[in-house]
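# Chain and residue survey
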Amino acid sequence: MPQSLRLLIYILTTLLALNLASCQKFEGDQTIPAYVRIDTVLFTADYVTQGSSTHKITDAWVYVDDQLIGVYELPSTFPVLASGKHKLEIRAGIKLNGIGATRAPYPFYLPYTLSDFNFVPDSIQLVKPFTSYYDNLTFAWMEDFEGSGLSLESTSQSDTAIFKTNPANHPDAWLSPYSSYSGIVHLDQEHNTFQSASFLEYELPKLGKSVLLELDYKCEREFVVGLIAKLPANYVYLPLIVVNKSEKWNKIYINLGPNVSEYTTAQSFKVYFEAGLGEGDNAKIYFDNIKLIYRTPGE
């Protein structure tokens with residue numbers, strides 16, 4: 001065997017051995033991890049004060065002894081280099097603005113904490129976390145389309161409006177024990193522009209505070225979600241994101257905080273939705289479970 005080939009084999013064998021060793025040796029003296037499995041994170045809300053319990057929790061942010069060990073898309077089984085009793089904390093993760101690159105723990109969901117979780121090396125332990133909203137939140141606006149009136153109004157730019165689905169329990173509506181109706185927008189050749197805003201204006205916290213809009217939707221056309229800022233001299237429309245088409249009911253968490261903080265002189269804000277017919281003869285857009293949430297100042 002040529003000397004050069006013998007040297008190459010030696011180098012490859014050495015690198016392979018080092019790689020296997022690095023895979024088996026994590027840190028310290030422990031070489032065998034414990035494994036944790038999380039299938040989903042359950043969520044419940046008080047319907048009267050917090051609205052529906054819909055959610056789109058996609059990830060688990062996992063902390064051991066207050067140190068982040070990883071972010072795991074659910075369902076997931078993952079290794080933890082720990083043995084015996086440790087603090088295990090799981091935070092429900094979402095995609096801010098519906099974008100996979102902006103995954104984050106949702107700041108308004110309580111963490112699930114086990115102060116004395118017993119990690120057992122070389123075993124898989126199923127954890128069933130659950131969460132709810134923090135108590136110190138302000139639900140500035142909630143619209144679930146179950147009342148006799150609507151808290152949305154068409155703007156002067158719109159030639160159609162948002163209505164309640166009819167009759168009750170229509171198969172296209174979002175249906176649950178608390179929900180028999182949804183909001184629906186019909187777009188056609190004669191009504192091809194939709195723009196509707198919250199009826200009321202809201203004073204929202206600035207200085208980088210978290211302000212989120214939750215929204216369930218199903219749509220045959222993209223639509224825009226934005227803010228209308230009331231400035232001392234005029235109103236300014238701030239289109240924020242475009243929500244893509246979805247044949248099935250979906251949920252999105254929209255981060256309003258940076259835009260609210262940017263307009264330091266704004267006295268108040270409205271939320272608005274906007275869509276056009278685009279190509280095609282008609283399209284429908286459904287809305288439900290709208291929530292405008294922020295942490296109560298001073299808490």
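Please refer to the structure higher up on the page.
In what follows, the accompanying structure is described. Because the structure is predicted, anything quoted here is derived from the model rather than measured. (Residues numbered from 1 in each chain as written. Predicted model: local features only at pLDDT ≥ 70, side-chain atom pairs only at ≥ 80, totals over all residues. Heavy atoms only, no water.)

The three strands lie next to each other as E5-E1-E9, forming an open sheet whose pairing is mixed. Edge positions in the open sheet fall to strand E5 (76-80) and strand E9 (124-126), since each of these has one partner strand only. Each neighbouring strand pair of the sheet contributes to a mean axis angle of 30°, computed without reference to strand direction. Summarising the sheet, strand E1 (residues 34-38) and E5 pair through five bridges and their orientation is antiparallel. Residue pairing for E5: Val36 is matched across the bridge by Phe78. (Pairing = 2+ DSSP bridges. Helix = DSSP H or I, 4+ residues; strand = E, 2+ residues; numbered from the N terminus. Axes fitted to C-alpha atoms, helices over the stretch in contact; angles between N-to-C directions.)

This paragraph deals with the packing of aromatic side chains. For any two aromatic rings, the description comes down to two numbers: the centre-to-centre distance and the angle of the planes. The full count for this structure, using the stated rule, is 20 aromatic pairs. Judged by centre distance (6.0 Å) and plane angle (75°), the ring pair of Trp174 and Trp249 falls under edge-to-face. Of this pair, Trp174 sits in the loop between strand E13 (162-164) and strand E14 (183-188) while Trp249 sits in strand E19 (residues 246-255), and the two are 75 residues apart along the sequence. Residue Trp174 is classed as partly exposed on the basis of its relative accessible area, which comes to 26%. According to the relative accessible area criterion, Trp249 is partly exposed, its value standing at 21%. Taking the centre distance of 5.7 Å and the plane angle of 75° together, the rings of Tyr217 and Phe223 count as edge-to-face. The class of Tyr217 is buried, set by a relative accessible area of 6%. With relative accessibility at 1%, the residue Phe223 sits in the buried group. The structure contains a cluster of three or more aromatic residues connected by ring pairs, namely Phe43, Tyr106, Phe108, Tyr109, Tyr133, Phe139 and Tyr253. The lysine or arginine in question, Lys164, covers the ring of Tyr181, its NZ or CZ lying 4.2 Å from the ring centre. (Phe/Tyr/Trp six-rings, centres within 6.5 Å; stacked < 30°, edge-to-face > 60°. Buried < 20%, exposed > 50% of the residue type's maximum accessible area, 1.4 Å probe, protein only. Lys NZ or Arg CZ within 6 Å of the ring centre and 35° of its normal.)

Cis rather than trans, the peptide bond between Leu74 and Pro75 has omega equal to 0°. Checked against the element boundaries, Pro75 lands in the loop between strand E4 (67-73) and E5. A cis amide bond, omega 0°, links Asn166 with the succeeding residue Pro167. Relative to the helices and strands, Pro167 is located in the loop between E13 and E14. The phi torsion at Asn169 lies on the positive side, around 65°, for a residue other than glycine. Here Asn169 lies in the loop between E13 and E14. Backbone geometry places Asn289, a non-glycine residue, at a positive phi of 50°. Positionally, Asn289 belongs in strand E21 (residues 282-295).

Looking now at the pattern of salt bridges. Summed over the entire model, instances satisfying the criterion amount to 10 salt bridges. Between Arg103 and Asp59 there is a salt bridge; the shortest N-O distance is 2.6 Å. In this pair, Arg103 sits in strand E7 (residues 103-105) while Asp59 sits in strand E3 (residues 59-64), placing the two residues 44 residues apart along the sequence. Looking at Arg103, the relative accessible area reads 29%, which means it is partly exposed. (Salt bridge = Lys/Arg side-chain N within 4 Å of Asp/Glu carboxyl O.)

Everything listed is a geometric property; what it means functionally is a separate question.
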